[in-house]
Amino acid sequence: MSRPTTRSKNKRHRPGDIDGSSSAILRKIHVTGEISQDDIRQLYLIWKPFCQGCRVNTKDSPNCFCGLVPTSNGARKSGLWQRMSEIIQTLGPDPCKDLRSTDSPAGLTNLGATCYANSILQCLYTNKSFREGVFSVEPELVKQHPVLDQLARLFAQLHSSKMAFIDSAPFIKTLELDNGVQQDSHEFFTLFLSLLERSLSHSKVPRSRTFVQDLFRGSVSHVTQCSVCGKESEASSKMEDFYELELNIKGLNNLDESLNDYLSMEQLQGENQYFCESCGRRVDATRCIKLRRLPAVLNFQLKRCVFLPKTTTKKKLTSAFSFPRRLHMAERLCDPSQSQSELTYDLSAILIHRGTAVNSGHYVAHIKDKYSGHWWEFDDEHVSKLGLHPFGAESSSSSAQPEQNLQPATSEQVGSVGNGNHMNSFQPPSSDFNIASHEEIFSSTDAYMLMYTRIDTNENGNKSYITLRADNMDVDEELVSGNGSLPLHLSEEIKELNASYVSSCQEYQLKKGREVDNITERRQEVRLVLSEAPVSSLEDPFFWISADWLRQWADCIIPLPIDNTSIQCSHGKVPVSKVGSMKRVSNKAWSILFSKYGGGPVLSCDDCCILCLKDEAETAVFADNYRDRRAFMKQLAEAAIAGHSLDGNQYYVSKSWLSQWLRRKNVDSPCDADSEPTASIRCPHGGLLPEQAAGAKRLLIPESLWLFLLESASTVKPDDPSGCSPFPSDSETCAVCSLEMTEVACLEDSLRAAKLKQRQNHEKLWQGKSIALSPGCKYYLLPSSWLSKWRSYVTASGKNVSSSVEPESLEDVIDSVKCVKHLRLLERPLDLTCKRGVIVQRTSMTDGLTLITESDWKFFCEEWGVPEEKAIVAEIDITSFKANKLVGSCEEVPISEAHLDPSNDGVNGELEGKPIIRTFAEICEDCIGERESHELMQKLNYQDEDIRVFLVHGKEAPRSVLEASGTTFEADRRTSKRSRRNSSSSSVDLKVSGSTSIYQLKMMIWESFGVVKENQKLHKGSREIEADESSTLADRNIFPGDVLWVTDTEIYENRDIADELSDPKESWQAEEGFRGSKRCQCFKVTCRGILAVDPILGHIFLAMLDIRWAVYN
């Protein structure tokens, strides 16, 4: 069974197309002037049936309402039928999405790179004692210290706000932190506590004044003991405060091993012997750190950042590190006077640094809610529940085993469940790991700080807990007056904030509901009206409505009043020409639309314009007649162009115009292109232009065709008879124009003869051949640029003989190469070279002065009217190599160095010295040097230009790269507008400026090829670019378009470019944490002082202090 054709099913017709039946009706109307009701139904397409199933709303039927609305499940990109979710998005963000769950803590906003501060703040807030200490500070002191004020407000919002995350911007702004710079969370923690201590020292409330020290401060002593007498040094009795213990993890597997390393005994022997006051001499001794007192919250800083002396950079250690859930520290004290229970610590928080680079990455905090025992992950705004395991439910399958049953771990006995890069070790790495029975061990490759909270018992023997949940989301009286409650002024502020937030949520919901109801109502209205729009029969009354307005009404949320002016004719009715731009709707549909939207004008079924219909009939009949006549005339025109002989009178028309006339198709009436058939063959005097003139080609056409063309041209431009001037076949060409063309031809002939004579007089010079130069002979110098223009001028002949540009006056050119100040030459002669023992001059099309013979000079004087005394004379002289220096005088131009190679001795054996050019007048070296310096500065002062860099694998570059790198490119050559990687070789185009430093260029190469800047050796040609990174490309004479090549020395190990980008190169600066900290200033002064005395020791000291954001000079 054959498949039915559907090619023309949805084909659209042009509005001007008229089928056979309509054409017959229009002819009848034009002849009889009578119009029946059937004629109107046929011409206005009223007869067409109600359309169903079209893919688009067709213009060929006023009864088609398809495509105005999508299908039941369809949607559009904009307007009324857009997806409801997308329409709701235009109302703005939904504040209800930020509503805080009653059983979830609140997060903190990340302002760009403030995750390090957010994680520390969450750890501090969730410590109930710290939080209550902040809330207990007297309001008078809070007002004097903005940091305390903003911290209390932030904690109050975390405590009782209804929002899922809190804006940390006021707090960060008060600390004057740069929210675009990633800093170290450990250093921020240390500096922040120092600031709080200073601010709280003025408090009159004892508990508020010392709660930071009570929670975080412990004490250690550095004990040095003589191995001879056994006495300890005087400094050993001094105790030093600490807020965290910094533990090495390199080469260590767990917290127990790191603590052993921290408290290990150091032997002072040999050159490190200790001077004992009791013994009165240098003796062997031991040195160690002893824990004197432990705080309530014990913080361990894991030193994952290590210093690499070879590269003077830092690297992050990503090895797995294990730590217990429960930690017993009684045995670690040097004087364990406290009971075992008082020194048992529970893991309460883990600060995690994600990423492999030291100076970048992301900080998150995993914190335990001791009220429920569940762990939470605080990732800025996002807070998620992890379960009973600090690294998530997937990792909580660790088994608890009694300590007495543990044996040294083997690979078969250690199991792990992956959760990112965290794992559970079922067996501790060491048999002496200090844990109680049934304790869990956790492991992480990113843990950066561990917080352990001491388990205290109250009078009833119950343990105290820290809760992460909001005490009450409604901020009731319990929050105001109960334990751990908010201060009264903060509770009132939180009430106002929550009320404002709830109000905004309610307003949004009301606005959203109104919008949804409005959209639903509008969609129902559109579907209802379109279902009532079709007219049942031909006899039923109907109304005409603009299709454009109907389409806009069906797609807009808020439609405009009805506008039918676009389908109304000048007579106030509906013309037949607008049938494709309007629709025929029923009386009921019109009543609904008109009663609601108004507008107009009202155009009913009786408003068909009879006058416009008659005009349309006349136009259609004329178009039919015109098409028939034009088809016949087209045959005559084709015959005329083909050169067929035609009888009768004939007329000239432009050949090109007639060809264009034939190419036009589907023409119903004359247009602008039908005008001026003889304009291009009519001369300014009104006569026939000679056919030799440009664009004056013509041909003869029959008189009938000419009359048709004349009629069409007069219809289009009746007031422009010059464009259709008649030229019968016996017309004579214009005598004036013929004479002028004859004179031009004579002038061209004489010019052609003059050029031929110059080519004959200067045959070698015209052909660009080198002339053999002889010492002692007299020569003359002309600018090479003028000779190049002269060659182009005398070479042009034939039709181009008069169109070629004549070079400027030779006398003026000679004067221009002499400076006014010294009357010396501003150009140098081109270099000399030897070819097979003959001295010749190098050639150039633009630069320098070229030697010519005496006969050429005399011919030029005769041909261009130059006085012979204007000559620039030159002689070839042979100077001994021994007597002559390579740096010649101002009047000496040496031979090229390439031809003084000893390998050419056999060739140039006849020359006993070096040929040079002596010029009269002399060369002005001062003016030339000044001009060249100025030009060089202009070339080097470029912006956003391209250079190409090749990465060479090996010690030597390929010959092609060396040749490309040694070539000087023009600054204005065409180059790519964007940096791109060359796919065919290891090269890249970089966008640079003259002010770009070598350091910046190396960073671009690092980013493109992955070669660290310390391993890069840059070359231009065979010359290595020195390693001074502060110099610019202009300093190194690197121009736009230059080709450089780089090798990888592989001396230093690779690292992430983010490390370099994160560290400012210009000046050394410690991470501030917050500005104004004396602790930060102390670090900076200490490290700078050490660096000034001993750079190596300074670098080591910086690594020991773990200042992570330093860049070393």
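The rules behind the values
- Residues numbered from 1 in each chain as written.
- Predicted model: local features only at pLDDT ≥ 70, side-chain atom pairs only at ≥ 80, totals over all residues.
- Heavy atoms only, no water.
- Helix = DSSP H or I, 4+ residues; strand = E, 2+ residues; numbered from the N terminus.
- Buried < 20%, exposed > 50% of the residue type's maximum accessible area, 1.4 Å probe, protein only.
- Contact = heavy atoms within 4.5 Å.
- Areas by Shrake-Rupley, 256 points an atom, 1.4 Å probe, with all protein chains shown as cover.
- Pairing = 2+ DSSP bridges.
- Axes fitted to C-alpha atoms, helices over the stretch in contact; angles between N-to-C directions.
- pLDDT = per-residue confidence, 0-100.
- Parallel < 35°, antiparallel > 145°, perpendicular 65-115°, else oblique.
- Left-handed = near helix turned anticlockwise from the far one by under 90°.
- Nonpolar A, V, L, I, M, F, W, Y, C, P; charged D, E, K, R; others polar.
- Salt bridge = Lys/Arg side-chain N within 4 Å of Asp/Glu carboxyl O.
- Polar contact = N/O pair within 3.5 Å; in protein donor to acceptor, adjacent residues only side chain to side chain.
- Core = buried A, V, L, I, M, F, W, Y, C linked by side-chain atoms within 4.5 Å.
- Phe/Tyr/Trp six-rings, centres within 6.5 Å; stacked < 30°, edge-to-face > 60°.
- Lys NZ or Arg CZ within 6 Å of the ring centre and 35° of its normal.
- Expected span 1.5 Å × (residues − 1).
- Arc of directions from axis to C-beta.
- Lys, Arg positive; Asp, Glu negative; His and termini not counted.

### A word on the overall build of the protein
Counting its secondary structure elements, the protein contains 29 helices and 41 strands. Residues classed as buried in the protein amount to 46% of the 1113 residues present. In the protein, once contacts between residues fewer than 6 apart in sequence are set aside, the share between residues at least 24 apart is 72%. Roughly 57,500 Å² of accessible area belongs to the protein as shown, and the carbon and sulfur atoms make up 50% of that amount.

### Describing the pairing of strand β32 (residues 849-852)
The alternating pattern of β32 places Leu-849 and Leu-851 and Thr-850 and Ile-852 on opposite faces, both of which are buried. Pairing between strand β29 (residues 778-783) and β32: 4 bridges, direction antiparallel. When the sheet's bridge partners are listed, Leu-781 is paired in β32 with Leu-851.

### Some words on the sheet that holds strand β4 (residues 240-242)
With respect to topology, 4 strands assemble into an open sheet ordered β4-β3-β9-β6, the strand pairing being antiparallel. The open sheet has two edge strands with one neighbour each: β4 and β6 (266-268). The sheet shows a mean angle of 35 degrees between the axes of neighbouring strands, direction not considered. Of the pairings in the sheet, the one linking strand β3 (residues 218-226) to β4 comprises 3 bridges and is antiparallel in character. In the strand pairing of β4, Gly-218 is matched with Phe-242.

### So, the confidence of the model for the protein
Model confidence for the protein is summarised by a mean pLDDT of 78, while 80% of its residues fall at 70 or above. Predicted confidence for residues 396-437 stays below pLDDT 50, and this span has 90 contacts to residues more than four positions away or in other chains. When the criterion is pLDDT under 50, residues 1064-1113 qualifies, and its contacts beyond four places in sequence or with other chains add up to 96 contacts.

### Examining the sheet that holds strand β22 (residues 542-546)
One open sheet holds the 3 strands; their spatial order is β24-β22-β26, and the pairing between them is antiparallel. If you trace the sheet from one side to the other, it starts and ends with β24 (582-586) and β26 (603-604), each paired once. Examined bridge by bridge, β22 and β26 share 2 bridges and lie antiparallel to one another. Of the residues in β26, the one forming a bridge with Trp-544 is Leu-603. Helix-sheet contacts for helix α15 (residues 587-597) involve β22 and β24, and the interaxial angle to β24 is about 100 degrees.

### Focus on the packing of helix α7 (residues 146-160) against helix α9 (residues 185-200)
Relative orientation of the contacting elements α7 and α9 amounts to 110 degrees, with a least axis distance of 10 Å. With respect to their mutual orientation, α7 and α9 come out roughly perpendicular. Seen from above, α7 lies across α9 with left-handed handedness. Taken together, the residues of α9 that come into contact with α7 (itself represented by Val-147, Leu-148 and Leu-151) are Phe-192, Leu-195, Leu-196, Ser-199 and Leu-200. In terms of residue class, the contact of α7 with α9 is built from 7 nonpolar, 1 polar and no charged.

### Considerations on the pattern of salt bridges
Under the criterion given, the structure shown has 41 salt bridges. Its salt-bridge partner being Arg-41, residue Asp-38 comes within 3.8 Å of it at the nearest N-O pair. Taken together, the residues span about one helical turn, with Asp-38 and Arg-41 both in helix α2 (residues 37-43) at a distance of 3 residues. One salt-bridge network, in which partners are shared between bridges, spans Arg-27, Asp-624 and Arg-627.

### Some words on the environment of Arg-332
Mapped onto the fold, Arg-332 is located in the loop between β14 (326-328) and β15 (344-354). Note on Arg-332: relative accessible area 14%, which makes it buried. Sequence-wise, Arg-332 and Asn-260 are 72 residues apart; in three dimensions their C-alpha atoms are separated by 9.1 Å. A polar atom in the side chain of Arg-332 sits 2.6 Å from the side chain of Asn-260.

### Structural notes on the nonpolar core
With 56 residues, the main nonpolar core has Phe-130, Phe-155, Phe-171, Phe-192, Leu-196, Val-212 and Phe-216 as its most contacted residues. Residue contacts for Leu-196: discarding those within four places in its chain leaves Phe-130, Leu-148, Leu-151 and Val-212.

### Quick word on the environment of Cys-737
Note on placement: Cys-737 falls in helix α19 (residues 735-761). The sequence separation of Cys-737 and Gly-687 amounts to 50 residues, and the corresponding C-alpha distance is 8.9 Å. Not counting chain neighbours up to four residues away, the residues in contact with Cys-737 comprise Cys-683, Pro-684, His-685, Leu-689 and Pro-690.

### Points about the packing of aromatic side chains
Aromatic ring pairs are reported here in terms of the distance separating the ring centres and the angle at which the planes meet. All chains considered together, the criterion is met by 26 aromatic pairs. Both rings, one in Phe-171 and one in Phe-192, keep their centres 5.8 Å apart while their planes meet at 85 degrees; by these two values the pair is edge-to-face. Remark: Phe-192 occurs in helix α9 and Phe-171 occurs in helix α8 (residues 169-174); sequence separation between them is 21 residues. Judged by relative accessible area, Phe-171 falls into the buried class, the value being 2%. On the accessibility criterion, Phe-192 (0% relative accessible area) is buried. Three or more aromatic residues joined by ring pairs form one cluster here, namely Tyr-125, Phe-130, Phe-155, Phe-189, Phe-211 and Phe-216. Over the ring of Phe-542 we find Arg-584; its NZ or CZ atom is 4.4 Å from the centre of that ring. In this structure, Lys-755 is placed above the aromatic ring of Tyr-793, and the distance from its NZ or CZ to the ring centre is 4.2 Å.

### A look at unusual backbone geometry
For residues besides glycine, phi is generally negative; the peptide bonds are generally trans as well. Residues Gly-600 and Pro-601 are joined by a peptide bond in cis, for which omega reads -5 degrees. Cis geometry marks the peptide bond from Phe-920 to Ala-921; its omega dihedral reads 15 degrees. Considering the arrangement of structural elements, one finds Ala-921 in the loop between β35 (913-920) and α24 (925-940). With phi around 60 degrees, Glu-176 is a residue other than glycine that occupies positive phi space. Summarising the element assignment, Glu-176 is placed in the loop between α8 and α9. With phi around 60 degrees, Glu-676 is a residue other than glycine that occupies positive phi space. Structurally, Glu-676 is set in the loop between α17 (655-663) and β28 (698-702). By relative accessible area, which is 33% here, Glu-676 ends up partly exposed.

### Brief notes about helix α18 (residues 703-716)
Its 14 residues place the ends of α18 20 Å apart at the C-alpha level, agreeing with the 20 Å of an ideal helix rising 1.5 Å per residue. Taken together, the buried positions of α18 are occupied by Leu-705, Trp-706, Phe-708, Leu-709, Ser-712 and Ala-713. For α18, the arc enclosing every buried residue in end-on projection is 160 degrees, short of the 170-degree limit, so these residues lie on one face. Contacts from the buried residues of α18 go to α16 (610-642), β27 (650-654), α17 and β28.

### Regarding the side chain of Arg-759
Mapped onto the fold, Arg-759 is located in helix α19. Look at Arg-759: it is buried, it has no salt bridge, and the nearest opposite charge is Glu-763 at 9.9 Å.

### Here we look at α24
In a regular helix each residue adds 1.5 Å, so 16 residues correspond to 22 Å; α24 covers 22 Å between its end C-alpha atoms and thus fits that length. Every buried residue belonging to α24 is among Cys-927, Ile-928 and Leu-940, and all of these are buried.

### Some thoughts on the environment of Leu-787
Its place among the elements puts Leu-787 in helix α21 (residues 784-795). Here the alpha-carbon distance between Leu-787 and Pro-807, two residues 20 residues apart in the chain, equals 8.9 Å. Each residue touching Leu-787, except ones within four places of it in the same chain, is listed here: Leu-765, Leu-782, Thr-850, Ile-852 and Phe-860.

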